[in-house]
Amino acid sequence: MHKLLPTLSLLAALVLAASCSSTDRLMRTYRHAEGAEYHHLNRGAFLLARMLAHDKDAWPLRSIHKIRSLDLEECPAEVRTRFTQQALRYNPRRFEPLISVNDADEHTRLLIRQCRGTIRQLLIISTNADECSMVQIKGRVKLSHIADWTESDAGRH
């Protein structure tokens, strides 16, 4: 009994870690590649942006918690080719394809993860022969908020 409880808790932690890593695997694999540019804006950066923005402009920032981006434009061609092959097959769990555009050698995919009518993550993957990029946006964006944001932007112009 003394060995069973620690073993079960370790097994539960490993299962949880394995399930969480599926959405970030592609970005983690390539962010340390030679020539790769990786940028990460966490919750603190968005808190600062909300404090500096006007009240009307800060409203969309409340919904975004984290943005990560990866740019492989300066990487060797073999790294970009390998990324393109993996990105086209990349289907993380609980993500739904929103848009997929293929034009000659350019491929763009938008994947979203929803929970009860709220978009929790948006994953944008764009590849072509010369550049490859990936952007991950995490937060809680209600579909009704997107309509409000687009209406308020249309009213400004």
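Preceding this section is the structure that the text describes.
Definitions and cut-offs
- Residues numbered from 1 in each chain as written.
- Predicted model: local features only at pLDDT ≥ 70, side-chain atom pairs only at ≥ 80, totals over all residues.
- Heavy atoms only, no water.
- Helix = DSSP H or I, 4+ residues; strand = E, 2+ residues; numbered from the N terminus.
- Buried < 20%, exposed > 50% of the residue type's maximum accessible area, 1.4 Å probe, protein only.
- Contact = heavy atoms within 4.5 Å.
- Areas by Shrake-Rupley, 256 points an atom, 1.4 Å probe, with all protein chains shown as cover.
- Lys, Arg positive; Asp, Glu negative; His and termini not counted.
- Salt bridge = Lys/Arg side-chain N within 4 Å of Asp/Glu carboxyl O.
- Phe/Tyr/Trp six-rings, centres within 6.5 Å; stacked < 30°, edge-to-face > 60°.
- Lys NZ or Arg CZ within 6 Å of the ring centre and 35° of its normal.
- Patch = residues over 30% accessible without salt bridge, like charges linked within 9 Å, V, L, I, M, F, W, Y side chains within 5 Å.

(A) Main features of the overall build of the protein chain. The helix and strand tally for the protein chain stands at 6 helices and 6 strands. For the protein chain, the α and β elements follow one another from N to C terminus as α-α-β-α-α-β-α-β-β-β-β-α. Per-residue burial over the protein chain gives 29% buried out of 157 residues. Across the protein chain, every contact between residues at least 6 apart in sequence was considered, and the portion connecting residues at least 24 apart equals 55%. For the protein chain, the accessible area works out to roughly 10600 Å², and carbon and sulfur atoms hold 56% of it.

(B) Region of the structure containing the side chain of arginine 113. Among the secondary structure elements, arginine 113 is positioned in strand β4 (residues 106–115). With no salt bridge to any partner, buried arginine 113 finds its closest opposite charge in aspartate 24, at an N-O distance of 8.9 Å. Filtering out sequence-adjacent residues up to four positions away, arginine 113 remains in contact with Arg94, Phe95, Thr118, Ile119, Arg120 and Gln121.

(C) Structural context of the packing of aromatic side chains. Enumeration according to the criterion identifies 1 aromatic pair in this entry. Measuring from centroid to centroid gives 5.3 Å for tyrosine 30 and phenylalanine 83, while their planes differ by 90 degrees, and the two rings are edge-to-face. Taken together, the residues tyrosine 30 in helix α2 (residues 25–30) and phenylalanine 83 in helix α5 (residues 77–89) connect sequence positions 53 residues apart. Of the two residues, tyrosine 30 and phenylalanine 83, both sit in the buried class. Across the ring face of tyrosine 38, the terminal group of arginine 31 is positioned such that the distance to the ring centre comes to 4.8 Å.

(D) Up close: a nonpolar patch on the surface. Nonpolar side chains collect at one region of the surface, where Leu47, Leu48, Met51 and Leu52 lie side by side and expose about 460 Å² of accessible area between them. Looking at where methionine 51 falls in the secondary structure, it is placed in helix α3 (residues 43–52).

(E) View of the pattern of salt bridges. Counted according to the given criterion, the structure contains 1 salt bridge. In this structure, arginine 68 engages aspartate 24 in a salt bridge whose closest nitrogen and oxygen atoms are separated by 3.5 Å. Of this pair, arginine 68 sits in strand β2 (residues 64–71) while aspartate 24 sits in the loop between α1 (4–20) and α2, placing them 44 residues apart in sequence. One exposure class covers both arginine 68 and aspartate 24, and it is buried.

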